[in-house]
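Coordinate inspection notes
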Amino acid sequence: MHNPAQLYLASKSPRRRELLSQWGLNFEVLLNPTDDVSEEPLANEEPIDYATRVAAEKALSVDSYIQTAGMTRLPVLASDTIVELDGEILRKPVDKADAFKTLKKLSGKTHRVISSVAVIDKNRKLLQDTSISQVQFRELSADQIQEYIATGEPMDKAGAYAIQGGAAKFVKSFNGSYSGIVGLPKLVTFSLLQNCGITLLG
C-alpha cells in the first residue's frame, strides 16, 4: 500500500529526491507551473544571502500555487545549493567550455558549498537554515578535466561537479555536510521537518 505524501518537494533535482527517499520520507514533487523565481544574483548579493533567498523564493512560489489551486496543505521543502570560490558564485555550466573554466578554477583550491533549506509549515510559516561545507580539490590536469566533462556529469551541477559521482576522485578533503554538498544537508533538513511534526528515518 502506498503511503501518503508527508510534504511537497519544490525541486526538480534527482539528487534531492534520492536523498529524501533514502531517509524514508514520503513526498510529492511539486513545482509552480508559472514559477517566476529568478536565479540571477542581485547586485552585490553575498553568496550565502543568494542561496537563502532563492531557497525561500522557491518554497514560497510553490506555497502560493497550493493556495491558488486549492490543494491539500502539506509542508513545502525547497533548497538551493551553490559553490562559492573567493566570493564568486560558480553556477551550473552553460556549456562544456564553461564547465572546463569552472573546474580549472577549483583545481588545487578549497571552495565552499552553501546549501540553504527552506520549509513552509502547514500554518504557512517559513522556516529556514543553511549548511556551509568546505571542499578541497586536488590539482587537476587539463586531460582529467576533459575526461570528466566527456561523461556529461558536470552539466547540471553547481560548480560543474558531483562529489557523489565521478568527481569524488578530485576531492582531497572536505569538512561539513556530505549530503549538503550533494544538494540537501541531512541534519538541517531533519531539524526543520521535525519542527513541522515530521520525523525522518536513518
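Residues numbered from 1 in each chain as written. Predicted model: local features only at pLDDT ≥ 70, side-chain atom pairs only at ≥ 80, totals over all residues. Heavy atoms only, no water.

**Some details on the side chain of Thr102**
Examined against the element boundaries, Thr102 turns out to sit in helix α3 (residues 96–106). Residues in contact with Thr102, not counting those within four places in the same chain, are Leu90, Gly159 and Ala160. (Helix = DSSP H or I, 4+ residues; strand = E, 2+ residues; numbered from the N terminus. Contact = heavy atoms within 4.5 Å.)

**Regarding α3**
Here α3 has its buried residues at Ala99, Thr102, Leu103 and Leu106. Each buried residue of α3 lies within a common arc of 95° when the element is viewed along its axis, so the set occupies one face. Opposite the buried face of α3, at more than 90 degrees from it, the exposed residues are Ala97 and Lys101. Residues of α3 that are buried in the fold lie against β3 (76–85), β4 (88–90), β5 (110–120), β6 (126–137) and α4 (142–150). (Buried < 20%, exposed > 50% of the residue type's maximum accessible area, 1.4 Å probe, protein only. Arc of directions from axis to C-beta.)

**Topic: the packing of aromatic side chains**
The tally for this structure, following the rule as stated, stands at five aromatic pairs. Their ring planes at 85° and their centres at 5.6 Å tell us that Trp23 and Phe190 sit as a pair that is edge-to-face. On the criterion of sequence distance, the pair formed by Trp23 in the loop between α1 (14–22) and β2 (27–29) and Phe190 in helix α6 (residues 186–194) is long-range, its members being 167 residues apart. For Trp23, a relative accessible area of 6% gives the class buried. Relative accessible area serves as the criterion here: at 10%, Phe190 is assigned to the buried category. By the ring-pair criterion, three or more aromatic residues cluster together here, those being Phe137, Tyr148, Tyr161 and Phe170. (Phe/Tyr/Trp six-rings, centres within 6.5 Å; stacked < 30°, edge-to-face > 60°.)

**Section: the environment of Gln6**
One can find Gln6 in the segment before β1 (7–9). On a C-alpha basis, the gap between Gln6 and Leu193 in space is 9.9 Å, while along the polypeptide they are 187 residues apart. Every residue in contact with Gln6, bar those within four places of it in the chain, is listed here: Gly24, Leu25, Asn26, Leu74, Pro75 and Ile198.

**A short note on the pattern of salt bridges**
Pairing between side chains of opposite charge can happen when their charged atoms approach one another. Applying the stated criterion across every chain yields a total of 11 salt bridges. The residue Arg73 makes a salt bridge to Asp63 at a minimum N-O spacing of 2.9 Å. Of this pair, Arg73 sits in the loop between α2 (47–69) and β3 while Asp63 is found in helix α2, placing the two residues 10 residues apart along the sequence. Residue Asp63 pairs with Arg124 through a salt bridge whose shortest N-O separation is 2.7 Å. Here Arg124 lies in the loop between β5 and β6 and Asp63 lies in helix α2, a separation of 61 residues in the sequence. Accessibility expressed as a relative area gives 3% for Asp63, which makes it buried. Residue class for Arg124 comes out partly exposed when judged on its relative accessible area of 46%. If you follow the salt bridges from partner to partner, you end up with Arg15, Asp156 and Lys157 in one network. (Salt bridge = Lys/Arg side-chain N within 4 Å of Asp/Glu carboxyl O.)

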